[in-house]
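Fold and geometry: a report
Now for the letters of each chain:
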Amino acid sequence: MHALGGGGGHGGLWGWNLPPRKPERLRSKNQRRRPNSKSSGSAEDTGGAGYRFPFKQAVTAGALVLTGDTIAQLTERWRRSNSSKQQHSSLSDPLDEDLFQDVMRTLLSDHSWLRALRMTSYGFLLYGPGSYAWYQYLDRCLPKQTVSNLTLKVILNQVVLGPSVIAVVFAWNYLWQGKLLELPDKYQKDALPTLLYGFRFWIPVSVLNFWVVPLEARVAFMSMGSIFWNFCLSSTMNK
């Protein structure tokens, strides 16, 4: 855009060797061409269609949601196996080695790949693109890095994005499981406690995210924090 707008400057340079009226005609032609140049430039900037799927952010979010769900599944199976392991308190118990092998077999097997796919698709299709669009919107509305803008971004992140994420992930999982009729009970039972628990974690993370992390890295940074949060969500979703 800036390069195209400089066409009038080139006309001035050519005016050193041409009659004085020709640069004026060149400038008038350039002025008539500018609207078309701007429209073509804006089309290139928007990719022609006005929207580009944020593939990088979606893949990052999907991978980290999968990590959080994997940790949640391993933790759940470990707790179940550990309860039986505690029954054998002596390390010299001849069954201890067999029990340890059984525990490891339990941890490494019985993995719910459908649950993992469910959570990963949520991260890839919904959380990654949605949160990236949200951060872009906040930066357009509050571009200056002031304390008031930072505070407002953190507040909006908690009262808008937080409830939206919980509502969407609950609905997405229950849709996959064919339990949409049970969704209102799930919201009533777990939505508010999950949101309030998340405030304690996400408020300091959001301060760091908006204060020091550049826009293009914010989804990745928040998704890294989401490893812990997705562990909580995945555990809550599968009670």
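Keep in mind that what you see is a predicted model, and the values were worked out from it rather than measured.

Let's talk about a nonpolar patch on the surface
Taken together, the side chains of Val147, Ile203, Val207, Leu208, Trp211 and Val212 make up a nonpolar region of the molecular surface, amounting to roughly 540 Å² of accessible area. Looking at the nonpolar patch, the element that brings in the most residues is helix α8 (residues 183–212), giving five residues. Here valine 212 lies in helix α8.

Let's talk about the UniProt feature "transmembrane region" (unreviewed entry) in the chain
Feature annotation in UniProt places "transmembrane region" (unreviewed entry) on residues 155–175 and 195–213, given in this structure's numbering. A helix fraction of 95% and a strand fraction of 0% characterise residues 195–213, whose end C-alpha atoms lie 24 Å from each other.

Some remarks on the nonpolar core
Counting 29 residues, the largest nonpolar core has Tyr122, Tyr127, Tyr135 and Phe170 as its most contacted members. Mapped by element, the contributors of at least two residues to this core are α4 (55–85), α6 (113–141), α7 (147–176), α8 and α9 (215–237). Tallying contributions element by element places α7 first for this core, with nine residues. Lining this core are residues from two domains, each supplying at least three of them: domain 1 (113–180) and domain 2 (181–238).

Structural notes on α7
Compared with the 44 Å implied by 1.5 Å per residue over 30 residues, the 42 Å span of α7 between its first and last C-alpha is a close match. At asparagine 157, α7 is bent by approximately 30°, the largest bend along its length. One or two steps after α7, the chain reaches glycine 178, where phi turns positive at roughly 65°.

Things to note about the environment of valine 169
In this structure, valine 169 sits in helix α7. Separated by 43 residues in the primary sequence, valine 169 and leucine 126 place their C-alpha atoms 8.8 Å from one another.

A few points about the packing of α6 against α7
Axis angle and axis distance: for two packed helices, these are the angle between their axes and the distance between the axes, and together they describe the pair. Packing of α6 against α7 leaves a shortest axis separation of 10 Å and a crossing angle of 155°. With respect to α7, the axis of α6 lies roughly antiparallel. You can see that α6 and α7 cross each other, and the crossing is right-handed. Taken together, the residues that form the contact of α6 with α7 break down as 18 nonpolar, three polar and three charged.

A closer look at the pattern of salt bridges
Considering all chains together, one arrives at five salt bridges under this definition. Note that aspartate 69 is salt-bridged to arginine 115, the shortest N-O span being 2.8 Å. In this pair, aspartate 69 is assigned in helix α4 and arginine 115 in helix α6, connecting sequence segments 46 residues apart. Across this residue pair, the class does not change: aspartate 69 and arginine 115 are buried.

Here's the deal with the packing of aromatic side chains
Counted according to the given criterion, the structure contains eight aromatic pairs. Between phenylalanine 55 and phenylalanine 124, the aromatic rings sit 6.0 Å apart at their centres with planes inclined by 85°, giving edge-to-face as the arrangement. Taken together, the positions of phenylalanine 55 in helix α4 and phenylalanine 124 in helix α6 put the pair 69 residues apart, joining distant regions of the chain. Under the relative-accessibility criterion, phenylalanine 55 is labelled exposed at 52%.

Some points on α8
For α8, with 30 residues, the first-to-last C-alpha span of 38 Å runs short of the 44 Å given by 1.5 Å per residue. Within the span of α8, buried status applies to Leu183, Lys186, Asp190, Ala191, Thr194, Leu195, Gly198, Trp202, Val205, Ser206, Asn209 and Phe210.

About the thresholds
- All residue numbers refer to position in the chain's written sequence, counted from 1.
- Owing to the predicted nature of the model, reporting of local features is limited to residues with pLDDT of at least 70; listing and counting of side-chain atom pairs is limited to 80 or more, with chain, interface and lining totals taken over all residues.
- To get the side-chain values, all heavy atoms of the structure are used, and hydrogens and water are removed first.
- For patch building, the residue pool is restricted to those with more than 30% relative accessible area and no salt bridge; the joining distance is 9 Å between like charges and 5 Å between nonpolar side chains (Val, Leu, Ile, Met, Phe, Trp, Tyr).
- Computed by Shrake-Rupley with a 1.4 Å probe, the accessible areas treat only the displayed protein chains as cover when residues are assessed.
- The salt bridge criterion pairs a side-chain nitrogen of Lys or Arg with a carboxyl oxygen of Asp or Glu, the two atoms within 4 Å.
- Counting from the N terminus, the helices are the DSSP runs of H or I reaching at least four residues and the strands are the DSSP runs of E reaching at least two.
- UniProt positions are given in the numbering used here, feature names are shortened, and annotations may be inferred rather than shown by experiment.
- Only buried Ala, Val, Leu, Ile, Met, Phe, Trp, Tyr and Cys residues count toward a nonpolar core, and they belong to the same one when joined by side-chain atoms within 4.5 Å.
- Using a 1.4 Å probe on the protein chains alone, a residue whose accessible area is under 20% of its type maximum counts as buried, one over 50% counts as exposed, and one in between counts as partly exposed.
- For each domain, the first and last residues come from an automatic or database assignment.
- Every helix has an expected span of 1.5 Å times one less than the residues it contains.
- To get the bend at a residue, fit one axis to the 7 residues ending there and another to the 7 starting there, then take the angle between the axes.
- To get an axis, fit a line to the C-alpha atoms, keeping to the stretch in contact for a helix; angles then go from 0 to 180 degrees between the N-to-C directions.
- An angle below 35 degrees is read as roughly parallel, one above 145 as roughly antiparallel, one from 65 to 115 as roughly perpendicular, and any other as oblique.
- By the definition used in this description, the sense in which the near helix is turned from the far one sets the handedness, with an anticlockwise turn below a right angle giving left-handed and a clockwise turn giving right-handed.
- Charged means Asp, Glu, Lys or Arg here, nonpolar means Ala, Val, Leu, Ile, Met, Phe, Trp, Tyr, Cys or Pro, and polar covers whatever is left, Gly included.
- The pairing test for Phe, Tyr and Trp rings, Trp by its six-membered ring, is centres within 6.5 Å, and the orientation test on the planes gives stacked under 30 degrees, edge-to-face over 60, and tilted for anything in between.

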